[in-house]
Amino acid sequence: MKLVTPEQMKAIDACAINDYGIPGMVLMENAAMAVAREAQDMLGGCMGGRRIAAIAGRGNNGGDAFAAARLLHCKGADVRVYLVGSKSGISGDALINLCILERIGIHVMELLDEKQLDTFNTEIEKSQLILDGIFGTGLTREVSGIAVTVIERVNALRKPILSIDIPSGIDGTTGTVKGAGIKAASTVTFCLPKTGLVLHPGCEYTGKLVVADIGIPPCAIAKQDICTELIDAAEVINMLPQRTENSNKGDYGRVLLVTGSAGMTGSGCLASMAALRSGAGLVYTGVPASLAHIYGSRLTEPIILPLEDGGSGCLVPESAAKILTHMKRMDAAAIGPGLTCTEQIEEIVEKIIKESTIPLVLDADALNAISGNTEILKGLSADAVVTPHPGEMARLTGLDIQDVQADRTGVSKRFAKEYGVTVVLKGSRTVVAQPDGHVFVNPAGNAGMATAGTGDVLTGIIAGLLAQGAAVGDAAAAGVFLHGLAGDIAAEKLGMHSMLAGDLLIYLPQAFRKILGNKDADSD
């Protein structure tokens, strides 16, 4: 599903109105009808005598609230309307709907001072539903003044809130809170979801997200270069490599996983098994020679490749030549899980990046190894996926973690473009950014996945898909969705508190079956 910024949505609206002649009042009325339908659903379908408070701002979002209030009034609801600010200065379609309300006898109370706020505070306690139409997606400044008081009061009531287009106070692009934000139970957004509704923290304020068709023609949407999407199962189906009846393990690719250091052997085991569980035909796990017996005792399906470590339990520069020799007969490679980070590892990682001719997944300590020399990525001869968590992304970019988290899509998109790599910025609502500007946001996954080793599983999944011939962007996007879906299945079966990274390996097959539509996907 396509995701838009407020600027893109504004351009789509303008195109529908100016190029195709659809009156703005028609769009506003369609939006209001969608809001009224959701309000009815939230109140169980019965409007007779139900008290609804509609809180409007002075822009078009307020106009939507005025129109929805009228429609709910016509269905028998007891609607009270409040305006944050003065009626003077309201214009266009919003003003028309304000005037209609007043002509049919619905008083609109201006909230301008403490006396009016006292009345508002008393009246709103009797409401069974609150419509939030204070600020729309065009909000660019910090919320201040009376609006902050109103938002805080509404949230404190703990009554069901239905936000119009976006919860007031949420940035429509980044999802950040502009000083104060409405905590909605449900949000009806129009035409297409805005990026701020699906990214943190905005998604935490959105509640149930309803995307309403308000009559904007597809040709108006097509005129915008929309490069951001919410990953869904229907799209992932087309990203996954196909399997044929007359085939063998060699047809599904060879993965080389370079991993391991003393005390960190679990990472490589998880990643290796994830690559196999994702359909790779053969997985070769390259490990420090003095630790090979540990991997051999834990892994039966992957092939263990001992690499020079001088008995230290950590790879040494002399192992790089052998790694590159092995890579010549592989279809994809992943490096980083459990590798540790030393000057020697930095030398190995840089040599592999410079000389690799197959798709690479760079994770964990491989990213730490290049954090002081990211320019080396510009010398890649093959496609690469980098899979940082926010801390690693901060080290790669020189930003603070807070800055990374405040603009996850923007930071990922810029890094992908500058270095020509596909970025998987991990975390809740993982972002996948491709060098061509295409960005995916992953809705799958849960807090139970916040445990050691889940990132290693993701590395293995992506590498496994790459080895089977998936395009690098597809492998990354499909990989994060499958990873999250496996986590969701695990949470349903086990509960989030008790989940382990290994549980993702157990439920990854069910994630594939759900995506591919097997009729027995929900068995067990």
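Attention in this report is confined to the structure presented alongside it. (Residues numbered from 1 in each chain as written. Predicted model: local features only at pLDDT ≥ 70, side-chain atom pairs only at ≥ 80, totals over all residues. Heavy atoms only, no water.)

This next bit is on the pattern of salt bridges. This model, assessed by the stated rule, comprises 14 salt bridges. A salt bridge links Glu125 to Arg153; the nearest nitrogen and oxygen atoms lie 2.6 Å apart. You can see Glu125 sitting in the loop between α5 (114–124) and β5 (129–133) and its partner Arg153 sitting in helix α6 (residues 146–157), a full 28 residues away along the chain. Its relative accessible area of 44% is what places Glu125 among the partly exposed residues. Taking the relative accessible area as the measure of exposure, Arg153 reaches 23% and is therefore partly exposed. For Asp165, the salt bridge goes to Lys194, with nearest N and O atoms at 3.1 Å. (Salt bridge = Lys/Arg side-chain N within 4 Å of Asp/Glu carboxyl O. Helix = DSSP H or I, 4+ residues; strand = E, 2+ residues; numbered from the N terminus. Buried < 20%, exposed > 50% of the residue type's maximum accessible area, 1.4 Å probe, protein only.)

With that settled, consider unusual backbone geometry. The step from His200 to Pro201 runs through a cis peptide bond, and the omega angle for that step is 0 degrees. Within the secondary structure, Pro201 sits in the loop between α7 (195–198) and α8 (202–206). Phi at Arg158 takes a positive value of approximately 55 degrees, unusual for a residue other than glycine. Considering the arrangement of structural elements, one finds Arg158 in the loop between α6 and β6 (161–164). For Ala364, which is not glycine, the phi dihedral falls at a positive 50 degrees.

Further remarks concern the sheet that holds β6. Ordered in space as β4-β3-β2-β5-β6-β7-β8, the seven strands form an open sheet in which the pairing is parallel. Edge positions in the sheet fall to β4 (108–111) and β8 (208–212), since each has one partner strand and no second. For this sheet the average axis-to-axis angle between neighbouring strands, irrespective of direction, equals 20 degrees. Note that strand β7 (residues 186–190) and β8 share five bridges and pair parallel. When the sheet's bridge partners are listed, Thr189 is paired in β8 with Val211. On the sheet, α6 packs against β2 (51–56), β3 (78–84), β4, β5 and β6 and is oriented at approximately 145 degrees with respect to β3. (Pairing = 2+ DSSP bridges. Axes fitted to C-alpha atoms, helices over the stretch in contact; angles between N-to-C directions. Contact = heavy atoms within 4.5 Å.)

Here we take up the pairing of β4. Examined bridge by bridge, β3 and β4 share four bridges and lie parallel to one another. By the bridge assignment for β4, Val84 is matched with Leu111. The handedness of the β3 to β4 crossover, carried by helix α4 (residues 92–103), is right-handed. (Right-handed = clockwise from strand over helix to strand, strands pointing away.)

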